[in-house]
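Residue-level structural notes
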Amino acid sequence: MIQYRKALILFLTFVILFELMVIAVGTAARPSWSHWGDEWHFQNTIKRFGEEISLYNLKHYEEMSTPLPFLAYALWGRLFGFELFPLRTFSLLVALITYLLFHRLLFVASGSAASAFWGSALLIGQPYMIGFSIFIYTDMLAILFLISACLAHMKGRATWMGVSLALALLCRQYIGFLVLAVAVYHILRYLSLRQKKDLQMLAGCVQACVPYAALVFYWGGLSPDSSMRTRYLDEGLYYHPAVLSLYVGLLFVYLWPLLALRWRLLFRDYKAWLIALISSVFYLVFPVAPSKPSVDVGIFTVGLFHRALRFVWNDETFVQVVFYVSFVLAFPVLACVVHSLVQKLRARRFDFALMLDLSIVSFFIVMPFSYLGWEKYFLPVVPLVILRLVLSGTRAPAVR
């Protein structure tokens, strides 16, 4: 406990100093009266709920994601105002709680103050996480509850886990990938070990889906009944292979510092490289490309990294070569996760690392069904990959 307190004080000091620097730079780049990106329509939705939280607004608000973040911001706005500055203050508070909780999760899982600090620092330093922490974006609350669910799962707290997963789903529909992974984990564990605890955890997963299922029934679809749903889901739900290419490549783009530290474990097997080269044919057939909804509104990139590449050299061949190389370099990581998953199942070793393996694989199965491929939608899996890589080469904690 004393070691954790020392680690927490050091990390809290780092977070405060980092966020003060971010606020200073962010304020200079985007003053408190000027919107950043999607802030304008998020603020409009928050104001709408701030004026009236009603069943009508809950059904017809003009967004694609689930309503909890807008309701949370609306309640904050009723107390402190709906201008950009007070709403951004709420973003900063949510970010601080998220980072501290992730630091706690890393510390408990690894038992290492250094791993907890540097793993958390890597998450904080992600470009989109910086934006989530100071602007009015709804993603951070989903990541907060995702991390809370992981901590609850590791500690074997079914109710806590179920509530966290339910709240995460009420922030972002695609957190369903984690619900699916946890459910599969406990089904397999129960079939192998026949423990009553697994049935309790499964019940937590089922209960987590109930609030969102009620919304789906009320909306008559996966998103609110609005013009945005008509515009973005006019072709229905189907699999987008190019989105899979994007998210695989982002494994390397966004996590290369940690991959470099684990290179002996991840990149020394020539079989993994052979598989990566063969699998790269998939990228050649389905290269990274902006989704149709983005193109329809005049956006021809898939996020910050894509825009940065265009800024460096606005040549499509250059962009595709970089994404292709990223795909190849990331594939051994994914192969390592799948190999670990299979080995643990064969050995019937149901530890926390296996849950993370299942979650990462689930993310890459579920996310390409999204109507929009975008770099920031990769962020929910980042803390899970950081956790998994921190635990690689060590004995992962057992799930209680």
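Overview of the structure. (Residues numbered from 1 in each chain as written. Predicted model: local features only at pLDDT ≥ 70, side-chain atom pairs only at ≥ 80, totals over all residues. Heavy atoms only, no water.)

**Let's talk about helix 11 (residues 196-219)**
Inclusion rule: Going along the chain from the N terminus, every DSSP run of H or I of four or more residues is numbered as a helix, and every run of E of two or more is numbered as a strand. An expected span of 1.5 Å times one less than the residue number is assigned to each helix. The buried label applies to any residue whose accessible area, calculated with a 1.4 Å probe on protein chains only, is under 20% of its type's maximum; exposed applies above 50%, and partly exposed to all values in between. What makes two residues a contact is simply this: any of their non-hydrogen atoms within 4.5 Å.
Between its first and last C-alpha, helix 11 extends 36 Å over 24 residues, near the 34 Å set by a 1.5 Å rise per residue. Along helix 11, the residues that are buried comprise D198, M201, L202, G204, C205, A208, Y212, L215 and W219. Packed against the buried residues of helix 11 are helix 3 (55-60), helix 8 (139-155), helix 9 (158-169), helix 10 (176-193) and helix 12 (227-232). A positive backbone phi angle near 75° is found at G220, which sits one or two residues after helix 11.

**A closer look at the state of the cysteines**
Here, disulfide denotes a covalent bond that connects the sulfur atoms of two cysteines. Just so we agree on the cut-off: Criterion for a disulfide: a pair of cysteine sulfur atoms within 2.5 Å.
In the structure shown here, the tally under the stated rule is zero disulfides. Take C150: it sits in no disulfide, and the sulfur closest to it among the cysteines is that of C205, at 12 Å. The class of C150 is buried, set by a relative accessible area of 1%. Sulfur of C171: no disulfide; nearest cysteine sulfur belongs to C150 and is 14 Å away.

**Description of the environment of Y283**
Worth spelling out the cut-off: The term polar contact refers here to a pair of N or O atoms within 3.5 Å; inside protein, the definition further demands a hydrogen-donor-capable atom paired with an acceptor-capable atom, and it admits residues adjacent in sequence only when both atoms are side-chain atoms.
Tracing the sequence through the fold places Y283 in helix 15 (residues 270-285). Here the alpha-carbon distance between Y283 and Y324, two residues 41 residues apart in the chain, equals 6.7 Å. For Y283, the residues in contact, after removing those within four places along its chain, are S245, V288, Q320, F323, Y324 and F327. Only 3.3 Å separates the side chain of Y283 from the backbone nitrogen of V288, close enough to count as a polar contact.

**Regarding the environment of Y212**
With respect to the secondary-structure elements, Y212 resides in helix 11. The spatial distance from the C-alpha of Y212 to the C-alpha of M201 is 18 Å, given a sequence separation of eleven residues. Once you skip the residues sitting within four places of it in the chain, Y212 turns out to touch T66, L169, L170, Q173, W219 and L222. A polar contact of 2.9 Å, which involves the side chain of Y212, links it to the backbone oxygen of L222.

**Notes on the nonpolar core**
We apply this condition: In this description, a nonpolar core means a group of buried Ala, Val, Leu, Ile, Met, Phe, Trp, Tyr and Cys residues linked to one another through side-chain atoms lying within 4.5 Å.
Formed by 129 residues in total, the largest nonpolar core has its most connected members in L178, Y247, F364, F378 and I386. Examining the composition of this core, we find that 13 residues originate from one element, helix 8, more than from any other.

**Comments concerning the environment of L180**
Summarising the element assignment, L180 is placed in helix 10. A C-alpha to C-alpha distance of 20 Å links L180 and Q195, two positions 15 residues apart in sequence. Excluding residues that lie within four positions of it along the chain, L180 makes contacts with S362 and V366.

**A short note on a nonpolar patch on the surface**
Rules: Only residues whose relative accessible area exceeds 30% and that form no salt bridge enter a patch; like-charged residues are grouped when within 9 Å of one another, and nonpolar side chains (Val, Leu, Ile, Met, Phe, Trp, Tyr) when within 5 Å. Each accessible area is a Shrake-Rupley result for a 1.4 Å probe, and residues are judged covered by the shown protein chains and nothing else. One speaks of a salt bridge when a side-chain nitrogen belonging to Lys or Arg is within 4 Å of a carboxyl oxygen belonging to Asp or Glu.
A surface patch of nonpolar side chains, about 350 Å² in accessible area, is lined by L12, I16, L17 and L20. Take I16: its relative accessible area is 40%, and that puts it in the partly exposed class.

**A few points about helix 9**
Its twelve residues give helix 9 an end-to-end C-alpha distance of 16 Å, which sits within 8% of 16 Å, the value for a rise of 1.5 Å per residue. Buried residues of helix 9: A158, M161, G162, S164, L165, A166, A168 and L169, and no others. Residues of helix 9 that are buried make contact with helix 8, helix 10 and helix 11.

**Observations concerning the packing of aromatic side chains**
Our working definition: Only centres within 6.5 Å qualify two rings of Phe, Tyr or Trp (six-membered ring in Trp) as a pair; their planes then separate them into stacked at under 30 degrees, edge-to-face at over 60, and tilted for everything else. As a reminder, the over-ring test applies to NZ of lysine and CZ of arginine, requiring each to be within 6 Å of the ring centre and within 35 degrees of the ring normal.
Applying the stated criterion across every chain, the model contains 33 aromatic pairs. Seen from their ring centres, F11 and F117 are 6.2 Å apart, and the 85° between their planes marks the pair as edge-to-face. Placement of the pair is F11 in helix 1 (residues 2-29) and F117 in helix 6 (residues 113-124), with a sequence separation of 106 residues. Both residues of the pair, F11 and F117, belong to the buried class. Judged by centre distance (5.6 Å) and plane angle (85°), the ring pair of F305 and F323 falls under edge-to-face. Taken as a pair, F305 in helix 17 (residues 304-312) and F323 in helix 18 (residues 316-347) lie far apart in primary sequence, 18 residues in all. F305 gets classed as partly exposed once you look at its relative accessible area, which sits at 22%. Put simply, the rings of F42, F49, Y61, F70, Y128, F132, Y137, Y212 and W219 pair up and form one aromatic cluster. Across from the ring centre of Y218, 5.2 Å away, lies the NZ or CZ of K59, which sits over that ring. Of note, R104 hangs over the ring of Y4, and the distance from its end group to the ring centre comes to 4.5 Å.

**What about the packing of helix 5 (residues 84-110) against helix 20 (residues 382-391)?**
Test applied: Every angle, taken between N-to-C directions, lies between 0 and 180 degrees, and every axis is a line fitted to C-alpha atoms, over only the stretch in contact when it is a helix. In these notes the angle categories are as follows: under 35 degrees is roughly parallel, over 145 is roughly antiparallel, 65 to 115 is roughly perpendicular, and the rest is oblique. Two helices that cross are described as forming a left-handed crossing if the nearer one is turned anticlockwise from the farther one by less than a right angle, and a right-handed crossing if clockwise.
Contact pair helix 5 / helix 20: the axes reach a minimum separation of 10 Å and the direction vectors enclose 25°. By the angle between their axes, helix 5 is roughly parallel relative to helix 20. Viewed along their axes, helix 5 and helix 20 form a crossing whose handedness is right-handed. Here F102, L105, L106, A109 and S110 of helix 5 come into contact with helix 20, specifically with P383, I386, L387, V390 and L391.

**Some remarks on the pattern of salt bridges**
Considering all chains together, one arrives at ten salt bridges under this definition. Of the charged contacts in the structure, one is a salt bridge between E316 and R310, with a shortest N-O distance of 3.3 Å. A salt bridge links D351 to K344, with the shortest nitrogen-to-oxygen separation between them at 2.9 Å. Residues D351 and K344 agree in their burial class; the two are buried. Here the salt bridges share partners, and the residues they tie into one network are D139, R172 and K376.

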